[in-house]
Amino acid sequence: MSLPHLLRVFLASSMIVTTSTAAFVPPVPSTPPTPVLALSALTERQMQFWEDVDEGIDDIAAYYESKGQSLDRIRAFGRSARGETPPPTGSAAGHQPSEENVDGLTAKPFWDVAVDPDNFPWAAELEAKAQIIIEEFEANLAKEQAREEGGIFSGDSAWQNKVMGQGWSAVRLQRLGVWNQDNCKVFPKTYELLQSLNIPLAVRGVCFARQAPGSGVQPHSDGRNFILTSHLGLKVPEGCWIQVGDERRSWEVEKLTTLDTSFEHSTGNPTDSDRHVLIIDFWHPELSDAERKALAFVYDLRNKFERGDVPVRKPRKLLAEEEKGMGFSAIW
């Protein structure tokens, strides 16, 4: 099972602007369209999006050119996301990359980040200071349990629950590059620690996640191979598990379990207690600074389009075609 990805779902929508993510849930073909169909299927708003993407990537490429960093892989990413090239294929058992793919990145189910300071200089320190997060989390959890109604955890969305199951809920600290100031005020020590470590946070975000007793997340792939995800164990009853590809592990308190979610993965909590972890999404270490900057730009722009922050304009390609069709009359 593969989740509907941000860019793919944006392309599939025929809406001009929206302020509701619930609108972006059309069915996605199991096989990619041919290049001609992919281009002709774009609405004018989507064509405007990709023109703005190309323009922004050109600007980023111009800045990083002197540093010897190329954006060729990000341009290929765009062609893949638009369905102009064949979809990527998995490199190992259970690997299910989506059209939102960056070529040439190492793919493996689990990563041992705490013992790899060259690629993950923040990981060992996060484990060493994990008790700060655990103590603050447990204090807030105790307050929640003392309430008769409400609580800090809530379902992420109706769509999320269809994927993650009713037993999964989250407290979002950061989402799509934006910190939730209200939630960060509830967890100030966690927020300050994460900020101090300079973790290269990616587009999906940071959250506390709870898995209820007797529940689990069904097998699925998030598709994007350029993001890795760490789970810091906070409260882990014995018997809980996470499977990525064909490998199954458990979480450990104060330790990071790191996975590539472009592999099919699932979880289970067969116990009678909640399981809690802190989830952190970050850029794949083999991305260059230029590639991280470009990907962040693409997804930030996509969010602005979805919110309706970008004014509607006629795509330059269509304007050029119209002027060409008008001949000399176009200049009078």
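It should be emphasised that the depicted structure is a prediction, and the values quoted were computed from it without experimental measurement.

**Description of the overall build of the protein chain**
Thought 1: Scanning the protein chain for helices and strands turns up 11 helices and 11 strands.
Thought 2: A separation of at least 24 residues holds for 77% of the contacts in the protein chain among residues at least 6 apart in sequence.
Thought 3: Accessible area of the protein chain: about 16,200 Å², with a carbon and sulfur share of 52%.

**Re the pairing of strand E6 (residues 227-235)**
Thought 1: The element E6 is largely enclosed, with a buried count of eight among its nine residues.
Thought 2: In this sheet, strand E9 (residues 256-259) lies alongside E6 in antiparallel orientation, the contact comprising four bridges. Across the sheet, residue Ser-230 finds its bridge partner in E9, namely Thr-258.

**Some points on the packing of helix H3 (residues 44-64) against helix H10 (residues 289-307)**
Thought 1: For the pair H3 and H10, the least separation of the axes is 10 Å and the interaxial angle reads 155°. As the angle between them shows, H3 and H10 are arranged roughly antiparallel. Like other packed secondary-structure pairs, H3 and H10 cross with a definite hand, here right-handed. Contact residues: H3 offers Arg-45, Gln-48, Phe-49, Asp-52, Val-53, Gly-56, Ile-57, Ile-60 and Tyr-64, while H10 offers Asp-289, Ala-290, Lys-293, Ala-294, Phe-297, Val-298, Leu-301, Arg-302 and Phe-305.
Thought 2: Classifying every residue of the contact of H3 with H10 gives 11 nonpolar, two polar and five charged.

**Concerning the packing of aromatic side chains**
Thought 1: Counted according to the given criterion, the structure contains 14 aromatic pairs.
Thought 2: Ring centres of Phe-77 and Tyr-299 lie 6.3 Å apart, and the angle between their planes is 55°; this geometry places the pair in the tilted category. With Phe-77 in helix H4 (residues 72-81) and Tyr-299 in helix H10, this pair connects stretches of sequence that are 222 residues apart.
Thought 3: By relative accessible area, Tyr-299 is classed as buried at 1%.
Thought 4: Every member of this aromatic cluster is reached through a ring pair, and the members are Phe-77, Phe-226, Trp-283 and Tyr-299.

**Side note on the pattern of salt bridges**
Between side chains of opposite charge, a pair can form when the charged atoms approach closely.
Thought 1: Under the definition given, this model contains 18 salt bridges.
Thought 2: Arg-249 serves as the salt-bridge partner of Asp-112, at 3.5 Å between the closest nitrogen and oxygen. Note that Asp-112 is positioned in the loop between strand E1 (110-111) and helix H5 (123-128) and Arg-249 in strand E8 (residues 247-249), a separation of 137 residues in sequence.
Thought 3: Relative accessible area serves as the criterion here: at 49%, Asp-112 is assigned to the partly exposed category.
Thought 4: What makes Arg-249 partly exposed here is its relative accessible area of 30%.
Thought 5: Of the charged contacts, one joins Glu-127 and Lys-255 as a salt bridge, the two residues approaching to 3.8 Å between their closest N and O atoms. Within this pair, whereas Glu-127 is found in helix H5, its partner Lys-255 is found in the loop between E8 and E9, the two being separated by 128 residues in sequence.
Thought 6: Residue classification places Glu-127 among the buried positions, given a relative accessible area of 12%.
Thought 7: Its relative accessible area of 38% is what places Lys-255 among the partly exposed residues.
Thought 8: Via salt bridges that share partners, Glu-51, Asp-52 and Arg-313 belong to a single interconnected network.

Reading guide: rules and limits
Residues numbered from 1 in each chain as written. Predicted model: local features only at pLDDT ≥ 70, side-chain atom pairs only at ≥ 80, totals over all residues. Heavy atoms only, no water. Helix = DSSP H or I, 4+ residues; strand = E, 2+ residues; numbered from the N terminus. Contact = heavy atoms within 4.5 Å. Areas by Shrake-Rupley, 256 points an atom, 1.4 Å probe, with all protein chains shown as cover. Buried < 20%, exposed > 50% of the residue type's maximum accessible area, 1.4 Å probe, protein only. Pairing = 2+ DSSP bridges. Axes fitted to C-alpha atoms, helices over the stretch in contact; angles between N-to-C directions. Parallel < 35°, antiparallel > 145°, perpendicular 65-115°, else oblique. Left-handed = near helix turned anticlockwise from the far one by under 90°. Nonpolar A, V, L, I, M, F, W, Y, C, P; charged D, E, K, R; others polar. Phe/Tyr/Trp six-rings, centres within 6.5 Å; stacked < 30°, edge-to-face > 60°. Salt bridge = Lys/Arg side-chain N within 4 Å of Asp/Glu carboxyl O.

Without other data, these values stay purely geometric and don't point to any function.
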